[in-house]
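Chain residues, written in single-letter form:
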Amino acid sequence: MEFNVKKLASDAGVFFSRAMQFTEEKLGQAEKTELDAHFENLLARADCTKNWTEKILRQTEVLLQPNPSARVEEFLYEKLDRKVPSRVTNGELLAQYMTEAANDFGPGTPYGKTLIKVGETQRRLGAAEREFIRSASINFLTPLRNFLEGDWRTISKERRILQNRRLDLDACKARLKKAKAAEAKAAAEHELRLTQTEFDRQAEVTRLLLEGISSTHVNHLRCLHEFVESQTNYYAQCYQFMLDLQKQLGRFSGTFVGNTESASPAAAASPPAVAAATLPAVPTIPVVPTIVGVPNTVAEGVLNPNEVKPPASGTRRARVLYDYEAADSTELALLADEMITVYSLPGMDPDWLIGERGNQKGKVPVTYLELLS
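So, here's what we can say about the structure. (Residues numbered from 1 in each chain as written. Predicted model: local features only at pLDDT ≥ 70, side-chain atom pairs only at ≥ 80, totals over all residues. Heavy atoms only, no water.)

Digging into the pattern of salt bridges
Here's step 1: For the structure shown, the criterion picks out 17 salt bridges.
Here's step 2: E131 is the salt-bridge partner of R134, the closest N and O atoms lying 2.7 Å from each other. Of this pair, R134 and E131 are both found in helix α5 (residues 110-178), 3 residues apart, which corresponds to roughly one turn of the helix.
Here's step 3: Judged by relative accessible area, R134 falls into the partly exposed class, the value being 44%.
Here's step 4: What makes E131 partly exposed here is its relative accessible area of 39%.
Here's step 5: The salt bridge partner of R166 is D170, with a shortest N-O separation of 2.6 Å. In this pair, R166 and D170 are both assigned in helix α5, 4 residues apart and thus about one turn of the helix distant. Assigned by exposure class, R166 and D170 land together as buried.
Here's step 6: The network of salt bridges with shared partners includes R58, E61 and R145. (Salt bridge = Lys/Arg side-chain N within 4 Å of Asp/Glu carboxyl O. Helix = DSSP H or I, 4+ residues; strand = E, 2+ residues; numbered from the N terminus. Buried < 20%, exposed > 50% of the residue type's maximum accessible area, 1.4 Å probe, protein only.)

Here we look at the side chain of S135
Here's step 1: Take S135: it is sitting in helix α5.
Here's step 2: Ignoring sequence-local partners within four residues, the contact set of S135 consists of F140 and S230. (Contact = heavy atoms within 4.5 Å.)

Digging into the side chain of D168
Here's step 1: The residue D168 is located in helix α5 in this model.
Here's step 2: If we skip the residues at most four places from it in the chain, D168 touches V14, R18 and T195.

Quick word on the nonpolar core
Here's step 1: One finds F39, F132, F140 and L210 to be the most contacted residues of the largest nonpolar core, which totals 30 residues.
Here's step 2: At the level of elements, α2 (37-64), α5, α6 (182-211) and α7 (213-251) are the ones that each hand at least two residues to this core.
Here's step 3: A total of 14 residues in this core trace back to one element, the largest contributor, which is α5.
Here's step 4: Discounting residues that sit within four places of it in the chain, F132 has contacts with L64, F227, S230, Q231 and Y234.
Here's step 5: Ranked by size, the runner-up nonpolar core spans 11 residues in total, among them L332, L353, Y368 and L369. (Core = buried A, V, L, I, M, F, W, Y, C linked by side-chain atoms within 4.5 Å.)

Description of the environment of R317
Here's step 1: Locating R317 in the fold gives a position in strand β1 (residues 316-320).
Here's step 2: When the C-alpha atoms of R317 and E356 are compared, they prove to be 9.7 Å apart, with 39 residues separating the residues in sequence.
Here's step 3: Here the side chain of R317 touches T341 through a polar contact of 3.0 Å, side chain to side chain. (Polar contact = N/O pair within 3.5 Å; in protein donor to acceptor, adjacent residues only side chain to side chain.)

A few points about a nonpolar patch on the surface
Here's step 1: On the surface, a nonpolar cluster with roughly 290 Å² of combined accessible area is contributed by V72, F75 and L76.
Here's step 2: By the secondary structure assignment, L76 is in helix α3 (residues 68-79).
Here's step 3: Assessed through its relative accessible area of 47%, L76 is described here as partly exposed. (Patch = residues over 30% accessible without salt bridge, like charges linked within 9 Å, V, L, I, M, F, W, Y side chains within 5 Å. Areas by Shrake-Rupley, 256 points an atom, 1.4 Å probe, with all protein chains shown as cover.)

A few points about unusual backbone geometry
Here's step 1: Phi is positive for D337, which is not a glycine, with a value near 75°.
Here's step 2: You can see D337 is positioned in the loop between β1 and β2 (339-343).

Topic: the packing of aromatic side chains
Here's step 1: Scanning the model with the defined rule gives 10 aromatic pairs in all.
Here's step 2: With centroids separated by 6.1 Å and ring planes inclined at 35°, the aromatic side chains of F132 and F227 adopt a geometry described as tilted. On the criterion of sequence distance, the pair formed by F132 in helix α5 and F227 in helix α7 is long-range, its members being 95 residues apart. For the pair formed by F132 and F227, the shared burial category is buried.
Here's step 3: Between F132 and Y234 the ring centres are 5.0 Å apart and the planes differ by 5°, which places this aromatic pair in the stacked class. Taken as a pair, F132 in helix α5 and Y234 in helix α7 lie far apart in primary sequence, 102 residues in all. The pair F132 / Y234 is uniform in exposure class, with both members buried.
Here's step 4: Ring-pair connections join several aromatic residues into one group, and the members of that group are F132, F140, F227, Y234 and Y235.
Here's step 5: Across from the ring centre of W52, 4.6 Å away, lies the NZ or CZ of K55, which sits over that ring.
Here's step 6: The cationic tip of K363 hangs over the ring face of W352; the distance from NZ or CZ to the ring centre is 5.3 Å. (Phe/Tyr/Trp six-rings, centres within 6.5 Å; stacked < 30°, edge-to-face > 60°. Lys NZ or Arg CZ within 6 Å of the ring centre and 35° of its normal.)

Observations concerning the sheet that holds strand β3 (residues 352-357)
Here's step 1: Strand order across the open sheet formed by 5 strands is β4-β3-β2-β1-β5, with antiparallel pairing between neighbours. At either end of the open sheet lies a strand with only one pairing partner, and these are β4 (360-365) and β5 (369-371). When strand polarity is set aside, the average angle formed by the axes of neighbouring strands in this sheet is 40°.
Here's step 2: Pairing between β3 and β4: 6 bridges, direction antiparallel. Bridge assignment links L353 to a residue of β4, and that residue is V364. (Pairing = 2+ DSSP bridges. Axes fitted to C-alpha atoms, helices over the stretch in contact; angles between N-to-C directions.)

Okay, structure coming up:
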């Protein structure tokens, strides 16, 4: 018990000495040992890394999970070291509602069919979002958290120790200046040498940790590349899913007018119809009417590019949006940003047009074109 009391008294004395030294420095009544410029730059760089890592981490969490309640729940599960329960994405929930609605309206009706197709695409989008969140959490968020909860805590701890060693050193310097007797001066000099050694050792330890921030930047750079790759793959999947859905819905464009005959006059004059009638006309590619007695080769699925003749009117210019590789001899290969002439033929799939480029002609997909007036 006597040892503990002595240790407690010693610790209290050291704490009081540091407090006095710190207070006098703030009041300008005591000298302060300054760190060299390189060390100060390392400290500033470390603080900057910590601050921006925190901001990037928090905002990435918001990007991946906009719901604040869900983020708090995930944080609590993480702190309790328990597995976060699987959560349905918004896309998957929308897909579920659309499928249930289609079953109620009738899966064989035009609306029901479309709901099922759109719902399936939403389900695929939700699954892609789930995979993106999982990948980003593992490859990007986890390394950032590990830095803040591991390396940065170690750096902060050693910096606090260095601060205490500096206060001890400056307090010893102050006592040496105040010492008058030779015996008191000798004791103060001995204590100063010890505290100087401890300060130098701690400064070296802290400096090595601060220089390790460069390795942290390299690691975070690699993680950032992986995050961008995951995000690129996610958006590429979303684009492809929506492109496929657009093509599927184009095949059913004629089914949306199936109930026009039964529509009442009041419905025909509904506000949306009136508003649509007042909008400026959008140029379209007219379909050449079928001539009696002339075989409809396009409707039969046989297209000989050399026999196709452009209509007298109705051709338009179009800019190619993306590269397209022809599947067979009836199609025309496209290069992004080139200009071609396009027109429609009777009986053609609405997703396709006839494209001409010089002496070359063939079918081209509408989704790859920007039609110009």
